[in-house]
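Fold and geometry: a report
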Amino acid sequence: MKIIARDVPPRTAWSLEQAGVHPLLARLFAARGVRSAEELDDNASKLLPPQTLRGTQEAAVLLADAIAQGQRICIVADYDCDGATACATGLRGLRMLGARPDQLSYVVPDRALHGYGLTPPIVELVKAQQADVLVTVDNGMASHEAVTRARALGMRVIITDHHLPVVLDDGQVSLPDADVIVNPNQPGCDFASKALVGVGVMFYVLLALRAELRQRGVFDAATQPRIDSLLDLVALGTIADVGRLDANNRRLVGLGLKRIRAGRMQPGIAALFTAAGRDPAKASSQDFGFALGPRINAAGRLAEMGLGIECLITDDPARALALAQQLDAINRERRDLEAGMREQAEMMLESVLPEGDPPPALAIFDPDFHEGVVGIVASRLKDRLHRPTFVFALGQDGLLKGSGRSIAGFHLRDALDLVSKRHPGMLRKFGGHAMAAGCTIAEEDFDTFEAALVRVAHDDLDPSLLLRQLSTDGPLDAHWFTAETVSQLDSAVWGPGFEAPVFSDEAEVLNQRLVGERHMKLSLRVQGQVRDGIWFGRTEPLPSKTQLAFRIDLNEFQGRQRVQLIVEGASEPDA
């Protein structure tokens, strides 16, 4: 691993500090591209206006008419945390804006039975609920056949999504024939935040709907519903879906965190904090990414996402807690299953990989793998080997369902598109993003797919990108090793594209020992001061002197708090 320090524009850091930003945060924000204190203002009035998101006005008119005419509205959700929070946001928001409970319903595909997104069989389920309006959340951009079927059955269709549209062989963008499409990544949309995730798109549709109803005289500015009460759901979905934290997404997440810390959250969010053993008064984006999000996602992986959605839409705290505890149990099962699959996958890799550096991309399959956790295993293997990685499992339909994770500089969805063009018909379905994608192939095509993926990576991936690099914020001055600093850092919004602070410095290893058979407990001398440290998942001993990359956290023991280093990586001092 090569540890590198981020550049900090000194004038920008000074300017932020002069504007009242904490000196350490000013340095960190400047290194992440913040140029003025205004970018850090998370007041709701600073959010991008809804009218700049193409399709919101048309969707608002259609939904307002449906509510007024007593029509039934059915939301079709994706089976991940973004889809679940988007569905809950939509159902709660439409209820707040006047839809009766008997007007609203939802359908979420079963991962193993239906596959991803809006499909003709899902349309039939929606029609069976006597829906007049079908609204997708976090899916639908590639659902041409299903949208055509829905409209043939007499339904109006609103697609709310953030995924990239289908691009044909001739380079033309192909959009489904929906009544309305709301997606910041559709052609002709000038919305400044292309990183908005599914739940964010739904939130913006509700803002536009509220404005439309206000214009119709349903309520005025003083009596209108507080849509911002849904921002805890928006924050959870944004972080869980690894949405890049541009200024607008940071505001959405920051506003949601404020509500949670103040105790103003949905019963389901409060219950998930309880089930995860986390304190909502100290809520951070890490809680969303590593505690709440995985519990919601576990339902879509091993059970059915209805459990997660029900947890987020119930107003009964007791029911919310019971559902959250059920989700917690499913998540523990998911962790055990994932650990077994990861160990099995690593054994397979050791037996098939040649000596020396591994190939520029990896694909593995085992008939015993579970379809619900292949994405997590792919992520773990990608992190270990720093290579784009696909993991496949055998689906109920006899086809292989693969989930991939990538590294910076290799667009995984574009790679699949190139594989598809070079081997027409091999990919039965595919889609995704730069860093995560999925596809379906026949079992007999696995070797061909593996070779094709490796070929694309060999041709398109700069070899320098295969060297693992860890960007850090350089040394942390000794006077910042305090509980107050930890609190300051925890209060800020961090996440993808606005990574949490990781510092680096030369360290002398005074003592090291294994704890729990999987983690290295350390005593370190950094800048002349002895510090406690721990490296989770590390079993190999460190040299006596090394350069460490680390976060700082509080370790509470017997009522005492001490700042400790959470080690993220190491390299030789001259690396």
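Structure first, text after, so check above.
For the structure given in this document, a descriptive report is provided here. On a predicted model such as this, the values are computed, not experimentally measured, just so you know. (Residues numbered from 1 in each chain as written. Predicted model: local features only at pLDDT ≥ 70, side-chain atom pairs only at ≥ 80, totals over all residues. Heavy atoms only, no water.)

Here we look at the sheet that holds strand E13 (residues 436-441)
Under the convention used in this document: The pairing criterion is simple: DSSP has to find at least two bridges between the two strands. Every helix listed is a DSSP run of H or I at least four residues long, and every strand listed is a run of E at least two residues long, numbered separately from the N terminus. Here an angle of 0 to 180 degrees is reported between the N-to-C directions of two axes, which are lines fitted to C-alpha atoms, with helices fitted over the stretch in contact. Here, two residues are considered to be in contact whenever any of their heavy atoms come within 4.5 Å of each other.
As summarised here, the arrangement of the 5 strands in space is E9-E10-E11-E13-E12, forming an open sheet in which the pairing is mixed. Strand pairing shows two members of the sheet lacking a second neighbour, strand E9 (362-365) and strand E12 (429-432), which therefore form its edges. Adjacent strand axes in the sheet meet at a mean angle of 15 degrees, parallel and antiparallel pairs treated alike. One ladder, built from 4 bridges, connects E12 with E13; its direction is antiparallel. Opposite Lys429, over in E13, you have Thr440 as the bridge partner. Contacts between helix H16 (residues 412-422) and the sheet are confined to strand E10 (389-394), strand E11 (400-405), E12 and E13, with E12 contributing the most and set at about 155 degrees to the helix.

Quick word on the pattern of salt bridges
Our working definition: Take a side-chain nitrogen of Lys or Arg and a carboxyl oxygen of Asp or Glu: if they are within 4 Å of each other, that pair is a salt bridge. Only protein chains enter the accessibility calculation, which uses a 1.4 Å probe; a residue is then buried when its area is under 20% of its type maximum, exposed when over 50%, and partly exposed in between.
Evaluation of the coordinates by the stated rule reveals 31 salt bridges. Its salt-bridge partner being Asp328, residue Arg332 comes within 2.3 Å of it at the nearest N-O pair. Within this pair, Arg332 and its partner Asp328 are both found in helix H14 (residues 317-352), separated by 4 residues, close to a single helical turn. Between Arg342 and Glu338 there is a salt bridge; the shortest N-O distance is 2.9 Å. Of this pair, Arg342 and Glu338 both sit in helix H14, separated by 4 residues, roughly a single helical turn. Each member of the pair, Arg342 together with Glu338, is buried.

Let's talk about the packing of H14 against helix H15 (residues 374-385)
We count it as follows: Our angle categories are set so that under 35 degrees counts as roughly parallel, over 145 as roughly antiparallel, 65 to 115 as roughly perpendicular, and the remainder as oblique. Left-handed is the label given to a crossing in which the near helix is rotated counterclockwise from the far helix by less than a right angle, and right-handed is the label when the rotation is clockwise. Classification convention: Asp, Glu, Lys, Arg as charged; Ala, Val, Leu, Ile, Met, Phe, Trp, Tyr, Cys, Pro as nonpolar; all other residues, Gly among them, as polar.
Orientation of H14 relative to H15, taken along the N-to-C sense of each, is 50 degrees, at an axis distance of 9 Å. If you check the angle between H14 and H15, you find them oblique. Handedness of the crossing formed by H14 with H15: right-handed. Residues Arg334, Glu338, Met341, Arg342, Ala345, Glu346, Leu349 and Glu350 of H14 touch H15, and the partners they reach there are Val374, Ile376, Val377, Arg380, Leu381, Arg384 and Leu385. In terms of residue class, the contact of H14 with H15 is built from 8 nonpolar, no polar and 7 charged.

Regarding the sheet that holds strand E18 (residues 545-557)
Two strands in a sheet stick together by hydrogen bonds in their backbones, pointing the same way (parallel) or opposite ways (antiparallel). Spatially, E15-E16-E17-E19-E18 is the arrangement adopted by the 5 strands of the closed barrel, whose pairing is mixed. If you compare each strand with its neighbour and ignore which way they point, the axes differ by 45 degrees on average. Note: E18 against strand E19 (residues 560-571), 11 bridges, orientation antiparallel. What sits directly across from Ile552, in E19, is Leu565.

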